[in-house]
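This is what each chain is made of:
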Amino acid sequence: MDEEFLSKILACPACDERPSLVKTNDGWKCEVCQRVYPVIDGIPHLIIKEGLTPSPDQQTQESI
Ligand SMILES: [Zn+2]
């Protein structure tokens, strides 16, 4: 599937402003809420509960 086309039509369903998503190695990432939506069989799954949120544990580890 054409990633350039997808980058124009994809928008984060979790953010009110519907920001466009950025393709990463892990999937499509929203730079506003930092969710990453997985690509399954070449199709981006823009489901909020499947989006990966940054783990609070990572921030805790950095501060220790
Ligand atoms: Zn978002």
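It should be emphasised that the depicted structure is a prediction, and the values quoted were computed from it without experimental measurement.

Colleague: Let's hear about the coordination of the zinc ion: which residues, and what values?
Modeller: Here the zinc ion is held by the protein donor atoms Cys12 (SG), Cys15 (SG), Cys30 (SG) and Cys33 (SG), which lie 2.2 to 2.4 Å from it. Every donor counted, the 4 donor atoms about the zinc ion form angles of 104 to 114 degrees at the centre, which fits tetrahedral coordination. Look at where the donors of the zinc ion fall in the sequence and you get C-x2-C-x14-C-x2-C. In this pair, Cys15 sits in the loop between helix 1 (3-9) and strand 1 (21-23) while Cys30 sits in strand 2 (residues 28-30), placing the two residues 15 residues apart along the sequence.

Colleague: Could you give an account of the sheet that holds strand 2, with specific residues and numbers?
Modeller: In spatial order, the strands read 1-2-3; together these 3 strands make up an open sheet with antiparallel pairing. Looking along the sheet, the strands with just one partner apiece sit at the ends: strand 1 and strand 3 (36-37). As paired elements, strand 2 and strand 3 share 2 bridges and run antiparallel to each other. Across the sheet, residue Lys29 finds its bridge partner in strand 3, namely Val36.

Colleague: Talk me through the environment of Leu21; I want residue IDs and the actual numbers.
Modeller: With respect to the helices, strands and loops of the structure, Leu21 is situated in strand 1. For Leu21, a relative accessible area of 3% puts it in the buried group. Between the C-alpha atoms of Leu21 and Ile9, which are 12 residues apart in sequence, the distance is 8.9 Å. Sequence-distant contacts of Leu21, that is, excluding residues within four places in its chain, are made with Ser7, Leu10, Ala11, Cys12, Trp28, Lys29, Cys30, Tyr37 and Leu46.

Colleague: Tell me about the pattern of salt bridges, and please be specific about residues and values.
Modeller: If the charged atoms of two oppositely charged side chains come close together, the side chains can form a pair. With the rule as written, the count across this model stands at 1 salt bridge. With a shortest N-O distance of 3.8 Å, Lys23 and Glu3 are connected by a salt bridge. With Lys23 in strand 1 and Glu3 in helix 1, the pair connects residues that are 20 residues apart, well separated along the chain.

The rules we used
Residues numbered from 1 in each chain as written. Predicted model: local features only at pLDDT ≥ 70, side-chain atom pairs only at ≥ 80, totals over all residues. Heavy atoms only, no water. Donors = N, O, S within 2.8 Å, 3.2 Å for Na, K, Ca; no water. Tetrahedral: all angles 85-135°; square planar, octahedral: opposite > 155°, others 65-115°. Helix = DSSP H or I, 4+ residues; strand = E, 2+ residues; numbered from the N terminus. Pairing = 2+ DSSP bridges. Buried < 20%, exposed > 50% of the residue type's maximum accessible area, 1.4 Å probe, protein only. Contact = heavy atoms within 4.5 Å. Salt bridge = Lys/Arg side-chain N within 4 Å of Asp/Glu carboxyl O.

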